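# Descriptive structure summary
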Amino acid sequence: MAYVFREYRSNGRPWCIAYRGLDGRLRREKTEAPTKELAKRLLARKLVELAEAKVAGSDVDPKVVSFREFVKEYIEHAHAVKTANSARRDETSLKVLLPFFGEMQLRKIHSGLVQRYIDERMNKPKSNGKRRRPATVNREQTTLSAIFREAVKRRYVDKNPVRGIRQLPENNTIVRYLTDEEEERLYRELPEHLKPLVTMALHTGMRKSELLALRWEDV
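An account of the accompanying structure is given in this report. (Residues numbered from 1 in each chain as written. Predicted model: local features only at pLDDT ≥ 70, side-chain atom pairs only at ≥ 80, totals over all residues. Heavy atoms only, no water.)

## Looking at the environment of R139
Following the sequence through the fold, R139 ends up in helix α5 (residues 134-153). Each C-alpha atom of the pair R139 and Q167 lies 9.3 Å from the other, and the pair is 28 residues apart in sequence. Apart from the residues lying within four places of it in its own chain, the contact partners of R139 are S93 and R133. (Helix = DSSP H or I, 4+ residues; strand = E, 2+ residues; numbered from the N terminus. Contact = heavy atoms within 4.5 Å.)

## Re the pattern of salt bridges
Within this structure, the stated rule accounts for 11 salt bridges. One salt bridge connects E103 with R68, and the closest N-O pair in it is separated by 2.7 Å. Placement of the pair is E103 in the loop between α3 (84-101) and α4 (111-123) and R68 in helix α2 (residues 67-81), with a sequence separation of 35 residues. We classify R68 as partly exposed; its relative accessible area is 32%. R154 serves as the salt-bridge partner of E150, at 2.8 Å between the closest nitrogen and oxygen. Under the relative-accessibility criterion, R154 is labelled partly exposed at 26%. Linked by salt bridges that have partners in common, E29, K46, E49, R107 and D158 make up one network. (Salt bridge = Lys/Arg side-chain N within 4 Å of Asp/Glu carboxyl O. Buried < 20%, exposed > 50% of the residue type's maximum accessible area, 1.4 Å probe, protein only.)

## Focus: a positive patch on the surface
On the surface, R88, R89, K126, K130, R133 and R139 cluster together into a patch of positive charge. K130 gets classed as exposed once you look at its relative accessible area, which sits at 55%. (Patch = residues over 30% accessible without salt bridge, like charges linked within 9 Å, V, L, I, M, F, W, Y side chains within 5 Å. Areas by Shrake-Rupley, 256 points an atom, 1.4 Å probe, with all protein chains shown as cover. Lys, Arg positive; Asp, Glu negative; His and termini not counted. Charge placed at Lys NZ, Arg CZ, Asp CG, Glu CD.)

## Some words on the environment of T199
As for its position among the elements, T199 is in helix α7 (residues 195-204). In this structure the C-alpha to C-alpha distance between T199 and Y187, which are 12 residues apart in sequence, comes to 9.2 Å.

## Let's talk about the layout of surface pockets
In this structure, the largest pocket occupies an estimated 400 Å³ of space. Contributing to the lining of the largest pocket are 15 residues, with L42, R45, E49, Q105 and K108 lying nearest its centre. Of all the secondary structure elements, the ones that give two or more residues to the lining of the largest pocket are β3 (26-30) and α1 (36-55). Here the lining of the largest pocket takes 5 residues from α1, the largest share from any one element. Across the lining of the largest pocket, the residue classes tally to 5 nonpolar, 2 polar and 8 charged. (1 Å grid on protein atoms, 1.4 Å probe; cavity = no way out; pocket = protein on both sides within 12 Å on 5 of 7 lines; lining within 4 Å. Points joined across faces, edges and corners; volume = space filled by probe spheres on them. Nonpolar A, V, L, I, M, F, W, Y, C, P; charged D, E, K, R; others polar.)

## Details of α3
Under the 1.5 Å per step criterion, the end-to-end length of α3 is 24 Å for 18 residues, consistent within 8% with the ideal 26 Å. Along α3, the sharpest kink reaches roughly 40°, centred on K95 and followed within four residues by the proline P99. Listed in full, the buried residues belonging to α3 are S86, A87, D90, S93, L94, L97, L98 and F101. On its buried side, α3 packs onto α2, α4 and α5. (Expected span 1.5 Å × (residues − 1). Bend = angle between axes of the 7 residues up to and from the residue.)

## Regarding the packing of α4 against α5
At their nearest, the axes of α4 and α5 sit 10 Å apart, and the two run at 155° to each other. Accordingly, the angle class assigned to the pair α4 and α5 is roughly antiparallel. When you trace α4 past α5, the crossing you get is right-handed. For the pair α4 and α5, contact is made by V114, Y117, I118, R121 and M122 and by P134, T136, V137, E140, Q141 and L144, respectively. Each residue belonging to the contact of α4 with α5 can be placed in one class, and the counts come to 7 nonpolar, 2 polar and 2 charged. (Axes fitted to C-alpha atoms, helices over the stretch in contact; angles between N-to-C directions. Parallel < 35°, antiparallel > 145°, perpendicular 65-115°, else oblique. Left-handed = near helix turned anticlockwise from the far one by under 90°.)

## Side note on the packing of aromatic side chains
Applying the stated criterion across every chain, the model contains 7 aromatic pairs. A ring pair is formed by F101 and Y117, whose centres lie 5.4 Å apart and whose planes are at 45°; its orientation type is tilted. Of this pair, F101 sits in helix α3 while Y117 sits in helix α4, and the two are 16 residues apart along the sequence. Taking relative accessible area as the criterion, F101 reaches 0% and is therefore assigned buried. Given a relative accessible area of 3%, Y117 falls into the buried group. Through a chain of ring-to-ring contacts, three or more aromatic side chains come together here, namely F67, F100, F101, Y117 and F148. (Phe/Tyr/Trp six-rings, centres within 6.5 Å; stacked < 30°, edge-to-face > 60°.)

Take a look at the structure:
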């Protein structure tokens, strides 16, 4: 049994498909098809996937799950195999990944969507108006890639859409100068023999290695 139908209980009345899975149970799924003809093609594709799974000896339907649903499974995995700090970093990244990818079907997320996410994150300033650091977005991309690597292992998807997308070049150097008050506090704490060295550093910006190698003939 396989057919297409309209979901009258929902706004917009989307086209849906119905079919029997490998376990014999009836499955009903909403699609993004705007027409009945396209819904029929999606149904035909689903029936092909089921047939291929059956030939391969699988007794499980090709899995249809949203990004948000799989993230619950992934977080359990992260806490089981990662360090506490690493798992917390994943959870921090997910606070911004979920609003973008959350309701999408895992199998429908492709490299173009991932690149769009990266572009939007870099182009949208933070709440304080400052530009977001590339390192922050790279960490989010790393978490997203880890999620899809695990999804591939569990046969939710066939490939990792993050793979092949280059990370952003990072330049996280922060240049900050001491205030007059900070300089005074620093000098009060310094032993006398270090004051000339610190004075030279403050007024020239020389590196530690350059200062230690300095000779009178260089001045």
